[in-house]
Amino acid sequence: MRVLGILGSQQPNGITGQSLQAVLKGAAETATTDWINLADYQITADHDNQPNPVLDSLEAKLLAADVWILAAPTYIGGLSGIMKNFLDCMRNRIARYNAVGEAVPDRFKNKHYVTITNCYAGGVENFVTGVTDAAFKTMDKFLTMGGLIKVREIVVTKTFGMTTLSTKKQAECERAGQRAATKKERDDNTMKRYLELFGMIAVMALVTMGIEAGIGRLLPLDNFWAYYGVFVVVFYVLLASILHFFTVVKHRRR
Ligand SMILES: Cc1cc2nc3c(=O)[nH]c(=O)nc-3n(C[C@H](O)[C@H](O)[C@H](O)COP(=O)(O)O)c2cc1C
C-alpha cells in the first residue's frame, strides 16, 4: 500500500502541514508514504498538446499511490489557491470526458482519499456556519470525478496563533492515517446503505408514531384518514430534516 500526501498551503510547516505529517505518520506503520508540497512546483494547465513535465510527474505520483491525503487550509472562505490551482490543472487528467463533457472515472477509480482543512474560526462557529465546507466540497467534487472513494475528512479549528497541532488532533490524524492505509475494500457499500436506510426508516416511523400518540391525547385521531394525514406530515418533516442534514451539513466541522 502506498500513501501520498499532497500539501496545498503557504506554510509547509504550519498546522495543515503538521496535520498531513501526522496522518502520514499513522499510515507509515503499515504503508509506504511519500508527500509533495504543491508550492514547490510551477503547476500550469495542459495547452494544445504541449509537453507538461510538471503535471506528468505529479500525475505519475498520483497513479502510483493507493491512497491520497489532500491537505489544504481554508482561505477566504474557500479552498487555498495552491490546492485549487492543482485541481484545476489536473481536471482534464483526473477522468475521461464523454461526448457531452461528463466525467467518466478512469485510471484513478477506486483509490481512496482523506481530506484535511482548517480555519481560524472556532469549533462552534464552524459547526454553525460551515466555514470549512467549501474547501471540502471542492476537493470532493474533483476526487469523485475521478471515481475515488472517501475514507474520511479531518478539520482543525481555531488555528489563529496556533503553532503546534494539539495532542488530541495529532492522535486523531495518526489514527486516520492508520485506518486509511489499511482500508482495502472498494466502494461496495450497497448492503450497508440499504441497512442504514432501513434503520433510518424504522427509527423515524417509531418517532412519528410516538409523536402521533402525543397528538392523539390532544386531538381525536381515531379516524383512519386523520391518523394517516398526521403520520404523513410528521414523517415528511422528519425525513426532510434528516435529508437536509446528510446533504447540507454532512461535512466534519469540529
Ligand atoms: C490568506 C489566508 C486566508 C484565510 N482565510 C480564512 C477564512 O476565511 N476563515 C478562517 O476561518 N480562516 C482563514 N484563514 C486561516 C487558515 O484557514 C488556516 O487555518 C491557517 O492559515 C493555519 O493553517 P497553516 O498553519 O497551515 O497556514 C486564512 C489564512 C490565510 C493565510
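Each value, and the rule that gives it
Residues numbered from 1 in each chain as written. Predicted model: local features only at pLDDT ≥ 70, side-chain atom pairs only at ≥ 80, totals over all residues. Heavy atoms only, no water. Axes fitted to C-alpha atoms, helices over the stretch in contact; angles between N-to-C directions. Helix = DSSP H or I, 4+ residues; strand = E, 2+ residues; numbered from the N terminus. Parallel < 35°, antiparallel > 145°, perpendicular 65-115°, else oblique. Contact = heavy atoms within 4.5 Å. Nonpolar A, V, L, I, M, F, W, Y, C, P; charged D, E, K, R; others polar. Buried < 20%, exposed > 50% of the residue type's maximum accessible area, 1.4 Å probe, protein only. Near = heavy atom within 4 Å. Polar contact = N/O pair within 3.5 Å; in protein donor to acceptor, adjacent residues only side chain to side chain. Areas by Shrake-Rupley, 256 points an atom, 1.4 Å probe, with all protein chains shown as cover. 1 Å grid on protein atoms, 1.4 Å probe; cavity = no way out; pocket = protein on both sides within 12 Å on 5 of 7 lines; lining within 4 Å. Sits in = over half its atoms within 2 Å of the grid points. Core = buried A, V, L, I, M, F, W, Y, C linked by side-chain atoms within 4.5 Å. UniProt positions renumbered as here; feature names shortened; annotations may be inferred. Domains from an automatic or database assignment. Phe/Tyr/Trp six-rings, centres within 6.5 Å; stacked < 30°, edge-to-face > 60°.

Draft legend 1. Highlighting the packing of helix H2 (residues 53–64) against helix H3 (residues 81–94). At their nearest, the axes of H2 and H3 sit 11 Å apart, and the two run at 75° to each other. By the angle class used here, H2 and H3 are roughly perpendicular. Of the residues in H3, those touching H2 at Leu55, Asp56, Leu58, Glu59 and Leu62 are Phe86, Cys89, Met90 and Arg93. Considered class by class, the residues forming the contact of H2 with H3 number 6 nonpolar, no polar and 3 charged.

Draft legend 2. Examining the side chain of Thr157 more closely. For Thr157, the position within the fold is in the loop between strand E9 (149–156) and helix H6 (167–182). The class of Thr157 is buried, set by a relative accessible area of 16%. Ignoring any residue separated from it by four or fewer positions in sequence, one finds Thr157 in contact with Cys119, Ala121, Gly122, Gly123, Asn126, Met162 and Arg253.

Draft legend 3. Broad picture of the site of the ligand. If you check the shell around the ligand, you find 17 residues, and the closest are Ile15, Thr16, Thr74, Ile76 and Thr159. For the ligand, an oxygen atom lies 2.7 Å from a polar atom in the backbone of Ile15. At 2.7 Å from a nitrogen atom of the ligand is found a main-chain nitrogen or oxygen belonging to Ile76. Surface burial for the ligand is 79%, taken as the share of its 610 Å² of free accessible area covered by protein chains. Judged by the fraction of its atoms near the pocket grid, the ligand is located in the second largest pocket. Secondary structure elements with two or more residues in the shell around the ligand: helix H1 (15–27) and strand E4 (74–75). Class assignment for the residues of the shell around the ligand results in 8 nonpolar, 9 polar and no charged.

Draft legend 4. Summary view of the nonpolar core. Ranked by internal contacts, the top residues of the largest apolar core, which has 30 residues, are Ile6, Trp68, Met83 and Phe86. When contributions to this core are tallied by element, the ones reaching two or more residues are strand E1 (2–7), H2, strand E3 (67–71), H3 and helix H5 (133–145). Apart from the residues within four sequence positions on either side, Met83 is in contact with Ile6, Gly8, Leu38, Leu70, Ala71 and Ala72. Core analysis: the next-biggest nonpolar cluster, separate from the first, contains 22 residues, Ile15, Leu24, Ala27 and Ile116 among them.

Draft legend 5. Representation of the UniProt feature "domain: NADPH-dependent FMN reductase-like" (unreviewed entry) in the chain in the model. Here, the residues flagged by UniProt with the feature "domain: NADPH-dependent FMN reductase-like" (unreviewed entry) are residues 1–95. What you have in residues 1–95 is 41% helix and 23% strand, and the ends, taken at the C-alpha atoms, are 22 Å apart.

Draft legend 6. Local environment of the domain arrangement of the chain. For the chain, the assigned domains are domain 1 (2–182) and domain 2 (190–248). On a C-alpha basis, the centres of domain 1 and domain 2 stand 39 Å from each other.

Draft legend 7. Structural detail: the packing of aromatic side chains. Here the structure, examined in full by the defined rule, presents 6 aromatic pairs. Between Trp68 and Phe108, the ring centres sit 5.3 Å apart and the planes meet at 70°, which makes this aromatic pair edge-to-face. Taken together, the residues Trp68 in strand E3 and Phe108 in the loop between strand E7 (103–105) and strand E8 (112–118) connect sequence positions 40 residues apart. Neither residue differs from the other here; Trp68 and Phe108 are each classed as buried. Ring geometry for Phe224 against Trp225: centres 5.0 Å apart, planes inclined by 85°, an arrangement best described as edge-to-face. The rings of Phe224, Trp225 and Tyr228 are connected pair by pair, giving a single aromatic cluster.

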